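# Observations on the model geometry
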Amino acid sequence: MSWYEDDLEENGISEIEEIEFQLTAYDNKDWTGDYFVDETVTLNP
């Protein structure tokens, strides 16, 4: 993941304390099958 500093500034973001996203991995040959991974990931840089 990456963000441009200009984009952050344009959106009033001067400091990042936490990043949270959903990580989902599945079999690309069976989209309806069970996920290998389905988790919320939180990073504190």
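So, a few notes on the structure that sits alongside this text. Here the structure is a predicted model, which is why all the values come from computation and not from measurement.

Ring pairs (aromatic) are described by centroid distance and by the angle formed between their planes. Enumeration over the complete set of coordinates arrives at 2 aromatic pairs. Ring geometry for Y26 versus Y35: centroids 6.5 Å apart, planes at 55°, classification tilted. Members of the aromatic cluster, connected to one another through ring pairs, are Y26, W31 and Y35.

The subject of this paragraph is a negative patch on the surface. Taken together, the side chains of E5, D6, D7, E9 and E10 make up a negatively charged region of the molecular surface. Structurally, D6 is set in helix α1 (residues 5–10).

Cut-off values and rules
- Residues numbered from 1 in each chain as written.
- Predicted model: local features only at pLDDT ≥ 70, side-chain atom pairs only at ≥ 80, totals over all residues.
- Heavy atoms only, no water.
- Phe/Tyr/Trp six-rings, centres within 6.5 Å; stacked < 30°, edge-to-face > 60°.
- Patch = residues over 30% accessible without salt bridge, like charges linked within 9 Å, V, L, I, M, F, W, Y side chains within 5 Å.
- Areas by Shrake-Rupley, 256 points an atom, 1.4 Å probe, with all protein chains shown as cover.
- Salt bridge = Lys/Arg side-chain N within 4 Å of Asp/Glu carboxyl O.
- Lys, Arg positive; Asp, Glu negative; His and termini not counted.
- Charge placed at Lys NZ, Arg CZ, Asp CG, Glu CD.
- Helix = DSSP H or I, 4+ residues; strand = E, 2+ residues; numbered from the N terminus.

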